Structure formats: C-alpha cells, structure tokens
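Close look at the chain arrangement
These are the residues of each chain, in order.
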Amino acid sequence: MTQPKKLFIKTYGCQMNVYDSERMAEAMGGQGYVQTDSPDDADMILLNTCHIREKAAEKVYSELGRYKVLKAERPDLKIGVAGCVAQAEGEEIMRRQPMVDLVVGPQSYHRLPELEAKARSGEKALDTDFPEEDKFERLQARPKAKRGPTAFLTVQEGCDKFCAFCVVPYTRGAEVSRPADRVLTEARDLVERGVREITLLGQNVNAYHGHDRGLAGLIRELAAIDGLERIRFTTSHPNDMDDALIAAHGDCEKLMPYLHLPVQAGSDRILKRMNRHHTAEAYLKLVERLRAARPDLHLSGDFIVGFPEETEADFQATLDLVEAVQYGSAFSFKYSERPGTPAAERPQVPEAEKDDRLQRLQALLVRQQRALQDAMIGREVGVLFEKAGRRPGQMVGKSDYLHAVYVESDGLARGDLRRVRIVESSPNSLRGVLA
Ligand code: SF4
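Residues numbered from 1 in each chain as written. Predicted model: local features only at pLDDT ≥ 70, side-chain atom pairs only at ≥ 80, totals over all residues. Heavy atoms only, no water.

If you check an unreviewed UniProt entry, the protein chain appears there as tRNA-2-methylthio-N(6)-dimethylallyladenosine synthase from Salipiger thiooxidans. Quoted straight from UniProt, the Subunit (unreviewed entry) entry for the protein chain says "Monomer." (UniProt positions renumbered as here; feature names shortened; annotations may be inferred.)

And the structure:
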C-alpha cells in the first residue's frame, strides 16, 4: 500500500485564510496528501500568507529561510507559498528564495494539484492569475468526515472600497460573491458533518450580492436549515450595513448578537483621508440603529492609530467615538505603510507618538471589554462547547457574544449547545455553570 504524502500548512492572518487552508488541504487530499502538524516529516510545506501586517513579506522570507535545512536534507520536499504575499510578490519569491517550488495566489488555489504535479516534475510553478473560472466550483466536493461544531464559510471575496491604507483590493481583487444556492449546499453539507455554527466570511461580507436579498436574504435561508443553530458573519463595512441586515439582527434568532464593524478612526478628517466614505456621526447613527434592533448587541471594531497626518485632536476624536460606542472587543494597530497604497506616500506620524496613542487607545478598549465581560456575571447565555478544557471534566465553548466560557460538568460533549449561568469573569474568559 502506498503511504500517503504529508502536507504541512502554516496559516497566517484572518479567518478567510483559515478557510482557504482547509480547502487547499482538501484539494491536496485528492492527490494522496494528509495533513501533518509538523514541517519535519512533511513532503510538502505550504505557507498561506497574509499581507495585512507590517513587514509581512519579510516575515515570510525569514520563515522560508528556516526550511532551508529541511530542503537540503530532503530534496524531494516541495515548498509553496500561497495567499496574499504570494499574490503581491509573485516571481520575486522564487528569485529571493530559489528553493521555493510553487507560488499560488488566493484566487487560483484550486489549481494547486496541477501546480504540485508541475513542481514534482522539477519545474517551478507560479500562478497568481485572477482566473475567469469560479475556484469554488473547481474545487472538489468537500469530504464527508465528521468535524468540529464550528466552521467558516467564505461567501464573498475581494474589495472595491480602496481604503487608502489597505492592500486587499490589490491582492484579493474586485468584490465577488458566491451564488446563494452553492453556499447553502456547502452549509447543509457542513451541518451533516456535525457543524452547528457557521461564520460567513468575506473581506466585505455585507457587500454580498449572491442572493437577490443580499446577505440578510442568505442568512434567513441559512437560518431555516435544521441543525444549524448559530450564524455569524465577518468582516463588515459600515456603508454596506443595509436595512434588511439591521432588521435580521433584530428578529433572526440564529444570528448571534455580536458584530465586528470596523470604523478605523473617529475623526472625519482622517476618515476622509482613509477613503472610508462615511463620517463618525454616520457610524454612530448606524450603531444606534443596530442597538435599537438588538439591544444586547456586542460590537467589535478595528482601529488604526497614527494614520498619516493624524493630529492629537484627530486621535481624541477616536477616543470619543470609542467612549460613545462601548466595544465588547476590538483590534487596534499602529499605522504602517503598505507599499503601493496611497497613504504610504503621505507625511508620517512619528513612531513615538503612534506608540503613545496606541497605548492610550488600548487601555480604554481593554477597560470597556472588561466592563462588558464583568457585566455578564449572573446572566444566562447560550454556550456552544468546542473542546475539553485543561482540568478534568472541564469543557470550553463560546457564548452567544463570542466570549470563551469554561464549565466544569461531566457529561458535556463537544457540539453541545447549552444554557449557562455566568459566575466569574477573568481577563480573557468567563466561567459558568449549567443553568
Ligand atoms: S473595506 Fe476593508 S478590505 Fe476593503 S480596502 Fe477597506 S480595509 Fe481593505
């Protein structure tokens, strides 16, 4: 019997990359590959890269450098780079790291089996096209094996917004939505395999137009699937948050009361320079409407501090906006230039000021997050249990609001969705007892 070949995938970045890595592993399953947790015994190493963070490409080059020894020991080992750095750097990767056998962009990974075969025959394989064909159609059917209770499902890719700091429109291309019937088929399939919660993914997920009633229409059809208990979606742009989606937050029980709604900054001057096409006031009004529809909605956001030309007054406007919203969680970063984006050319804020602002913003966000978490004590929430905790008999799951919740109780199993009364709040998690 031939031994299966082993594939090691290292995934960087967002949930969309996690989903893509799963699909790439499945595609390579058809070529006789099984996944391994270690690069040491792999026949193929694939880095699924992200271009959002600072010095992303340099980090990929240095990671590749670590595999040189493995490649020298085992010349048959194939090394590939996928994802947004692959798209942005293309052939340059093979020029700088000649041991790389294949480079594949995020829109062409359905061609990975052909590229791997080409690499096995000793040729270099590069594909960073934005092909006409639908990669999801070309990917083989997903395997039927049982899986964990939560899953990501990509429904939309690409972005037409061109925020002045962001590379996504260049690396992922224009906005494309998957047809609703195919998303629904994939969702039913996931539910048959044991999935109870699906997070719909897209760079601009609420710009989804694969259903004639947009993302809200898709969510309502998903909500009708028996066995699917929870629906989430990420990441949203405020300008695409339409009436139907706001209404769904109010009356679609399976749509969880947690929304990641990035605003990036609180100053209109900076929002304009960021090319966000909305004001701080418009964002706050939107939050008000969402909370009118779903009063217990927990919001999360993304913030960039020290965007080019940001003054102390601009930064204060960001703090004011954060005070007004009261976030349940948030991600905040110092601005750093992405080559090829408009903001990279503008006058930069000194690093020390960026550091200082980031510290002040994060202190405020942590206070808010902690206060909202502490306010959960005594409340009853739904928890979907995902895995065993560290202590015997302990299980950990996610609340409706996406908090990690620990419960000690024999008889709880992975995939159970139970009501839990919260009894304790720690910095990054809650503890509860079955209600
Ligand atoms: S909307 Fe999001 S993905 Fe699109 S350009 Fe702006 S930050 Fe990037």
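1. Comments concerning the site of the ligand
Neighbouring residues of the ligand: Cys159, Lys161, Phe162, Cys163, Phe165, Cys166, Val168, Pro169, Asn204, His237 and Arg276. Residue classes in the shell around the ligand are distributed as seven nonpolar, two polar and two charged. (Near = heavy atom within 4 Å. Nonpolar A, V, L, I, M, F, W, Y, C, P; charged D, E, K, R; others polar.)

2. Considering unusual backbone geometry
With the exception of glycine, the majority of residues adopt a negative phi angle, and the majority of peptide bonds are in the trans configuration. In this structure, the amide linkage connecting Thr234 to the following residue, Thr235, adopts the cis form with an omega of 5°. In this fold, Thr235 is placed in the loop between β11 (230–234) and α11 (243–251). Despite not being glycine, Asn275 has its phi angle at roughly 65°, a positive value. Here Asn275 is to be found in the loop between α12 (268–273) and α13 (280–293). One non-glycine residue with positive phi stands out, namely His277, at about 60°. Structurally, the position occupied by His277 is in the loop between α12 and α13. (Helix = DSSP H or I, 4+ residues; strand = E, 2+ residues; numbered from the N terminus.)

3. Digging into the nonpolar core
Judged by nonpolar contacts, the single largest core of 67 residues is most densely connected at Leu200, Leu218, Phe233 and Tyr327. Aside from chain neighbours lying at most four places away, what touches Leu200 is Leu153, Val155, Val205, Leu215, Leu218, Ile219, Leu222, Ile231, Arg232, Phe233 and Thr234. Listed in part, the 22 residues of the second largest apolar core include Leu7, Tyr33, Met44 and Leu46. (Core = buried A, V, L, I, M, F, W, Y, C linked by side-chain atoms within 4.5 Å. Buried < 20%, exposed > 50% of the residue type's maximum accessible area, 1.4 Å probe, protein only. Contact = heavy atoms within 4.5 Å.)

4. Describing the side chain of Asp240
Positionally, Asp240 belongs in the loop between β11 and α11. Residue class for Asp240 comes out buried when judged on its relative accessible area of 18%. Engagement of the side chain of Asp240 in a polar contact is seen with the side chain of Lys161, the distance being 2.7 Å. Discounting chain neighbours no more than four positions away, the residues touching Asp240 are Lys161, Asn204, Asn206, Ala207 and Leu245. (Polar contact = N/O pair within 3.5 Å; in protein donor to acceptor, adjacent residues only side chain to side chain.)

5. Quick notes on helix α10 (residues 214–223)
For α10, the buried fraction is high: eight of the ten residues fall into the buried class. All of the buried residues in α10 are Gly214, Leu215, Ala216, Gly217, Leu218, Ile219, Leu222 and Ala223. On the buried face of α10, the contacting elements are α9 (180–192), β10 (197–201), β11 and α11.

6. Things to note about the side chain of Glu310
Along the chain, Glu310 turns up in the loop between β13 (298–305) and α14 (312–325). Exposure remark for Glu310: the relative accessible area of 4% places this residue in the buried category. When residues no more than four places from it in sequence are discounted, the contact partners of Glu310 are Arg269, Ile270, Ile304, Val305, Phe315, Val349 and Arg357.

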